[in-house]
Amino acid sequence: MGKFTTVVSIAIMIAFLAGTAIADIGRIKRVKGTASVERGGETLSATPGMVLEKQDVLVTGPDSRVSVTFIDNSRFSAGPDSRIVLETFDFDTTTHEGAFVSRVERGTLGIVSGQIAKQTPDAMRIHTPTSILGVRGTKFLVEVGQ
Amino acid sequence: MSGFRQLACGLAVALLLSACGGRDKVFLLPHDDGTPSGAVALLGSTGETHHVIDRQYTEVLVSGKTVHKSDAVDPSDIQKNYGALLDHLPAPPKDYVLYFREGTVTVMPRSEPELTALLADVANRLGADVQVTGHTDTLGSAANNDRLSLKRANEIRRLLIEQGLDPKVVSAAGRGERELLVQTPDRTRHAENRRVVVTVR
């Protein structure tokens, strides 16, 4: 019984550690106007310093902006009336290998790529409603058509 | 007649939609320091490259795997239409390199101003976070150097927390011998390569 409890506690601890290690993919740095983060059906108000997780959705209102720096040093600036899904983010801080996939459903996004794209070209991808963009170490802008 | 007009309007609307809808604009820009940017590739569903966008200050209209238009634009037009968005990018992450007395967490006197500057940088950035990355020279095995560099980074992380940083914003990583400051052959002792880089972002 004691052994079982120990095994369970260790399993929970590992799950918790792994969970916290994976959870933090970046932080909100700047907000102008109204910007929010949708997470698991909840809508949270975006504030500087807020920790982002994989599958969060960045949403901005009219005349609003939100910007993020990710843990691989890549940076986003989302313009007004935008909706950006942070679909996949896997990053090995030792090897810099990983995958970073975001979906710009509407609006405008300024992007500066980071270590994931530097280590592996096209490992960072931006999806629009019709296209897939592979990032090869760069700074660029995407505006989704109406 | 009215039936024909309706049909004509319907056609015009359909043409307009297909002409205007679903086309995304992509603009490649130079890096902040003015150096040319890399490229953006238009990919297919299995990751195959259909088109490479590698010209700066060019408005590229894309939908699906197709490039519809690629026209040079004036940098001042980008500034006018997207300047506010680009100015809202977070400040670039900044690296501070620290050197320590061998086998200690005592910062070398020459690294003290760097430590002061990095702490000030953290205080000045909104929502700052800090990553401590350890690097080794090429002496010893790669696996050992991964462990050693992470151990070193964790020691420096603790030092920064002692200096007042919030543990929640400081992370540690070890890059081993993957990112040498000075290129050397394998199994080479080199003080400049045994360093810790603190990235403030």
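This is a predicted model, so every value here is computed, not measured.

Moving on, we come to the domain arrangement of chain B. For chain B, the assigned domains are domain 1 (23-87) and domain 2 (94-200). Computed from C-alpha atoms alone, the centre-to-centre distance between domain 1 of chain B and domain 2 of chain B is 36 Å.

The partner chain B presents 37 residues to the 39 residues of chain A that form the contact. Taken together, the elements giving at least two residues each to the side of chain A that touches chain B come down to strand S1 (26-32), strand S6 (65-70), strand S7 (75-78), strand S10 (108-112), strand S12 (132-136) and strand S13 (139-143) of chain A. Along the lines of polarity and charge, the residues of the side of chain A that touches chain B split into 11 nonpolar, 18 polar and 10 charged. The sheet contact formed by S12 of chain A and strand S2 (residues 39-43) of chain B spans 5 bridges and is antiparallel. Paired with Gly134 of chain A across the two strands is Ala41 of chain B, which belongs to S2 of chain B.

Judged by nonpolar contacts, the single largest core of 47 residues is most densely connected at Val66, Leu109, Leu133, Phe140 and Val142 of chain A together with Val26 and Val40 of chain B. Beyond its immediate chain neighbours, meaning those up to four positions away, Leu109 of chain A contacts Phe76, Ala78, Ser82, Ile84, Val104 and Val142 of chain A. Among the nonpolar cores identified, the runner-up in size contains 18 residues, and Tyr96, Leu150, Val169 and Val198 of chain B belong to it.

Quick notes on the rules
Residues numbered from 1 in each chain as written. Chains lettered and ligands numbered in written order. Predicted model: local features only at pLDDT ≥ 70, side-chain atom pairs only at ≥ 80, totals over all residues. Domains from an automatic or database assignment. Contact = placed C-beta atoms within 7 Å. Helix = DSSP H or I, 4+ residues; strand = E, 2+ residues; numbered from the N terminus. Nonpolar A, V, L, I, M, F, W, Y, C, P; charged D, E, K, R; others polar. Pairing = 2+ DSSP bridges. Core = buried A, V, L, I, M, F, W, Y, C linked by C-beta atoms within 7 Å. Buried ≥ 20, exposed ≤ 12 C-beta atoms within 10 Å, placed from the backbone.

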